[in-house]
Amino acid sequence: MALSRKEREEFLAEAHVAALAVDAGEGRAPLTVPIWYQYEPGGDIWVMTGLDTRKNRLIQAAGRFSLMIDRLEPTIRYVSVEGPVTDTAPATLDHLREISARYLPADKVDGYVDFASRNHGEQVIIRMRPERWVSSDLGTV
């Protein structure tokens, strides 16, 4: 059964690891990789990635990407969302801290932020406006 707008936005706002997919060019399957993301109902989605990564280059070339988020418990549920890139900007330590706090236990955030800021190179924030949604809750199949 498809989710209502409210249900899919609330599900997307939960901290799930997404599968990001982007066109990888002629003769290639889409690049599909796991990624952390940030979302608040009614807003744009943002992801953070390295400036010099293949993922960033492909997203910039395609001008759009999709995310697929799923879970198995308490019911089998998924949301897939696709849309255009609305902005790409340099990431800040505040962005890194925000996304880290979404996924990591509070006592691990400072250590991860310190490690990532020293080792992951220049990062960018890519914002996407949700345009097309596919969702379902399969119940307790």
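Cut-offs and rules
- Residues numbered from 1 in each chain as written.
- Predicted model: local features only at pLDDT ≥ 70, side-chain atom pairs only at ≥ 80, totals over all residues.
- Heavy atoms only, no water.
- Axes fitted to C-alpha atoms, helices over the stretch in contact; angles between N-to-C directions.
- Helix = DSSP H or I, 4+ residues; strand = E, 2+ residues; numbered from the N terminus.
- Parallel < 35°, antiparallel > 145°, perpendicular 65-115°, else oblique.
- Left-handed = near helix turned anticlockwise from the far one by under 90°.
- Contact = heavy atoms within 4.5 Å.
- Nonpolar A, V, L, I, M, F, W, Y, C, P; charged D, E, K, R; others polar.
- Salt bridge = Lys/Arg side-chain N within 4 Å of Asp/Glu carboxyl O.
- Buried < 20%, exposed > 50% of the residue type's maximum accessible area, 1.4 Å probe, protein only.
- Expected span 1.5 Å × (residues − 1).

Let us look at the packing of helix H3 (residues 93–103) against helix H4 (residues 106–119). For any two helices packed against each other, the geometry is given by the interaxial angle and the distance between the axes. Contact geometry for H3 and H4: axes closest at 10 Å, N-to-C directions at 135°. With respect to each other, H3 and H4 are oriented oblique. Here H3 and H4 pass one another in a crossing that is right-handed. Of the residues in H4, those touching H3 at Leu93, Leu96, Arg97, Ser100 and Ala101 are Val109, Asp110, Tyr112, Val113, Ala116 and Ser117. Class assignment for the residues of the contact of H3 with H4 results in 7 nonpolar, 2 polar and 2 charged.

Our next topic: the pattern of salt bridges. Within this structure, the stated rule accounts for 10 salt bridges. With a closest N to O distance of 3.2 Å, Glu9 and Arg5 form a salt bridge. Taken together, the residues Glu9 and Arg5, both in helix H1 (residues 5–13) and 4 residues apart, mark about one turn of the helix. Residue Glu9 is classed as buried on the basis of its relative accessible area, which comes to 10%. Taken together, the salt bridges that share partners define one network made up of Arg64, Glu82, Glu131 and Arg132.

With 14 residues, H4 extends 21 Å between its outermost C-alpha atoms, agreeing within 8% with the 20 Å of an ideal straight helix rising 1.5 Å per residue. What H4 keeps buried is the set Val109, Val113 and Ala116. Its buried side turned inward, H4 meets H3.

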